[in-house]
Amino acid sequence: MLSEHITGGQAEHVKENLPDDMTMRTSQNLCSLGIDLGGTNVRAGVIDHGSRTLSRVKRRSRAELGPRIGIDNLLEVAREAIAEAGLTLEAIGSVGLASAGPMDFATGRLLYPPNLPGWEDTPIRDEVAANLKRPVTLLNDASAAAYGEYQVRGGDGHSLLLWTLGTGIGAGLVLQGKILEGAHSHGSECGHMIIDMNSQRELPGTGQCGTVESICSARSLVARCREALEQGSPSSLRNASADQLTARDIGEAAESGDDLAYQLVMETARALGVATTSMMHAFDPEVVLFGGGMTFGRHETALGRRFLERIVHEVHQRTFPRLRELTKLDYAQLGGDAGFVGAARWACCRAATAT
């Protein structure tokens, strides 16, 4: 149950230093719980000391009903994941909690998450810690997914950039084994990077134009398709209801040979290539990955392969020769598990460092 000290969007700060018995459990237990909170779904799973996934649970997040109901629901999913792993709470040493930002890591609060309306200034980390009686590490959902992908590739100290492509655009950066958090907890908000100064396409709720998210997200893809249809562009999608149109519809039409849909998907890939080039020049990662729901079937479909090829082509046209030769660009591997896996592994790492 959400603690009664939340009133009017404000909360007393629960001390990050938890009781001694909770700290001791962190060092003695081998398993970590990961939770990935999204605007639509919440996922949770338990990871053991060998990085094996012991359980995975997915449920509607109910986030639209506000933080009180949303956190209660999240806790139910967490307990279900522990039970599915055949464990009790006593076997859990640490908890990693991933959510869309922006957030303040120092206080464990969500600040003004656009995908969680009504959750402004919610002390989510301390609420979950108080209910589970375990130390909780809060991190950005894209950063958690990036760390999950980093771990599945061996976690050997290399650097990795992950783009998460969906309704919005997120990014996570792991540099020499550390998640880039930034001085003000905004270190990986790369979806808000401006890539077109002349664009008038605004990111709703921010006043920002020409950003990666406002140009490359699923929401933008649908908006651009609607505009083209309204202007009379021929397409099999003209028979679809404008209010029902989705990025998946556009992808399926492109796969079936629809010229407009294919052009829109390739425009998205081109813009992602531009954004990726800037990130490569700024951070020089060894690996750049693309994950999330808007990857058009990835390597399993002709459109997914062509989408990645176009991104790579744009990068190779724009980046330094050495980066072109050495940087690997590919699709992510973990799919929907990446967020809770990365959150659990990062929490385990942080707990081990603290003890």
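Quick caveat, the model's predicted, so the values are computed rather than measured.

Visitor: Would you take a moment to explain the environment of Ala-83 for this structure?
Guide: Note on placement: Ala-83 falls in helix H2 (residues 67-84). Ala-83 sits 37 residues away from Val-46 along the chain, and the two C-alpha atoms are 9.6 Å apart.

Visitor: It is not clear to me how unusual backbone geometry should be interpreted in this structure. Could you clarify?
Guide: For residues besides glycine, phi is generally negative; the peptide bonds are generally trans as well. Note the cis peptide between Gly-101 and Pro-102, where omega equals 0 degrees. Positive phi outside glycine occurs at Gln-176, with the angle close to 50 degrees. Relative to the assigned elements, Gln-176 resides in the loop between strand S9 (169-175) and strand S10 (178-179). If you check the backbone angles, Asp-284 has positive phi at about 50 degrees while not being a glycine. Turning to its location among the elements, Asp-284 is positioned in the loop between helix H8 (259-283) and strand S13 (287-291). By relative accessible area, Asp-284 is classed as partly exposed at 46%.

Visitor: Honestly, the sheet that holds strand S1 (residues 31-37) in this entry has me stumped. Any pointers?
Guide: Neighbouring strands of a sheet are bound in pairs by backbone hydrogen bonds; such pairs are parallel or else antiparallel. Ordered in space as S3-S2-S1-S4-S7, the five strands form an open sheet in which the pairing is mixed. Every other strand in the sheet has two partners, leaving strand S3 (57-60) and strand S7 (136-140) as the edge strands with one partner each. Sheet twist, expressed as the mean angle between neighbouring strand axes with direction ignored, is 20 degrees. Sheet topology note: the strand S2 (residues 41-47)/S3 ladder contains four bridges and is antiparallel. Residue pairing across strands places Arg-43 opposite Lys-58, the latter belonging to S3.

Visitor: Help me understand the pairing of strand S8 (residues 160-165) in this model?
Guide: Taken residue by residue, a regular strand's side chains alternate between the two faces of the sheet. Counted residue by residue, S8 has five buried out of six residues, so it is predominantly covered. Of the strand pairs in this sheet, S8 and S9 are connected by six bridges, and their pairing is antiparallel. Of the residues in S9, the one forming a bridge with Thr-164 is Gly-170. Here S8 folds back onto S9 in antiparallel fashion, the turn holding three residues.

Visitor: Honestly, the packing of aromatic side chains in this entry has me stumped. Any pointers?
Guide: The relative placement of two aromatic rings is captured by the distance of their centres and the angle of their planes. Inspection of the entire model under this criterion finds three aromatic pairs. On the basis of an interplanar angle of 70 degrees and a centroid distance of 5.0 Å, the ring pair of Tyr-147 and Trp-346 is categorised as edge-to-face. Placement of Tyr-147 in helix H4 (residues 141-152) and of Trp-346 in helix H11 (residues 338-354) is noted, with a sequence separation of 199 residues between them. By relative accessible area, which is 4% here, Trp-346 ends up buried.

Visitor: Help me out: how do you make sense of the nonpolar core in this one?
Guide: It is characteristic of soluble globular proteins that their nonpolar side chains tend to be buried jointly. Formed by 46 residues in total, the largest nonpolar core has its most connected members in Trp-163, Ile-250, Phe-290 and Phe-307. It is H8 that contributes the most residues to this core, eleven residues altogether. Residue contacts for Phe-307: discarding those within four places in its chain leaves Leu-165, Val-265, Met-266, Thr-268, Ala-269, Leu-272, Met-294, Phe-296 and Tyr-331. Core analysis: the next-biggest nonpolar cluster, separate from the first, contains 31 residues, Val-46, Ala-81, Ile-92 and Trp-119 among them.

Visitor: Got a minute to help me understand the sheet that holds S13 in this structure?
Guide: Pairing within the open sheet is mixed, and its five strands lie in the order S10-S9-S8-S13-S14. The outermost strands of the open sheet, each flanked by one partner alone, are S10 and strand S14 (328-331). This element, helix H9 (residues 302-318), spans S8, S13 and S14 of the sheet and lies at about 155 degrees to S14.

Visitor: What should I look at first to understand the environment of Val-77 in this one?
Guide: Within the secondary structure, Val-77 is located in helix H2. What Val-77 contacts, discounting residues up to four positions off in sequence, is Val-42, Ala-44, Val-57 and Arg-59.

Visitor: Can you help me understand the pattern of salt bridges in this one?
Guide: As a working rule, side chains carrying opposite charge can pair if their charged atoms are close by. In the structure shown here, the tally under the stated rule is 15 salt bridges. Asp-48 is the salt-bridge partner of Arg-52, the closest N and O atoms lying 2.7 Å from each other. A relative accessible area of 56% places Arg-52 in the exposed class. When the shortest N-O distance is used, the salt bridge between Glu-314 and Arg-310 registers 3.3 Å.

Visitor: What exactly am I supposed to notice about the packing of helix H6 (residues 218-230) against H8 here?
Guide: Two elements in contact, H6 and H8, have axes separated by 10 Å at closest approach and are oriented at 140 degrees. Viewed along their axes, H6 and H8 adopt a mutual orientation that is oblique. The interaxial crossing formed by H6 with H8 has right-handed handedness. Contact residues: H6 offers Leu-221, Arg-224, Cys-225, Ala-228 and Leu-229, while H8 offers Leu-260, Leu-264, Val-265, Glu-267 and Thr-268. Split into classes, the residues belonging to the contact of H6 with H8 amount to seven nonpolar, one polar and two charged.

Visitor: Help me understand the side chain of Asn-131 in this model?
Guide: By secondary structure assignment, the location of Asn-131 is in helix H3 (residues 124-132). Overall, the relative accessible area of 17% leaves Asn-131 in the buried class. Polar side-chain contacts of Asn-131 include one of 2.8 Å to the backbone oxygen of Glu-127.

Visitor: What is the right way to look at the pairing of S1 in this model?
Guide: Within S1, seven of the seven residues are buried, leaving the element largely enclosed by the surrounding structure. Here S1 runs beside strand S4 (residues 92-99); their pairing, made up of seven bridges, is parallel. In the sheet register, Gly-34 faces S4, and the bridge partner there is Gly-96. Bridge count for S1 against S2 is six bridges, and the pairing is antiparallel. Its bridge partner being in S2, Ser-32 is matched across the sheet by Ile-47.

Criteria and thresholds
- Residues numbered from 1 in each chain as written.
- Predicted model: local features only at pLDDT ≥ 70, side-chain atom pairs only at ≥ 80, totals over all residues.
- Heavy atoms only, no water.
- Helix = DSSP H or I, 4+ residues; strand = E, 2+ residues; numbered from the N terminus.
- Buried < 20%, exposed > 50% of the residue type's maximum accessible area, 1.4 Å probe, protein only.
- Pairing = 2+ DSSP bridges.
- Axes fitted to C-alpha atoms, helices over the stretch in contact; angles between N-to-C directions.
- Phe/Tyr/Trp six-rings, centres within 6.5 Å; stacked < 30°, edge-to-face > 60°.
- Core = buried A, V, L, I, M, F, W, Y, C linked by side-chain atoms within 4.5 Å.
- Contact = heavy atoms within 4.5 Å.
- Salt bridge = Lys/Arg side-chain N within 4 Å of Asp/Glu carboxyl O.
- Parallel < 35°, antiparallel > 145°, perpendicular 65-115°, else oblique.
- Left-handed = near helix turned anticlockwise from the far one by under 90°.
- Nonpolar A, V, L, I, M, F, W, Y, C, P; charged D, E, K, R; others polar.
- Polar contact = N/O pair within 3.5 Å; in protein donor to acceptor, adjacent residues only side chain to side chain.

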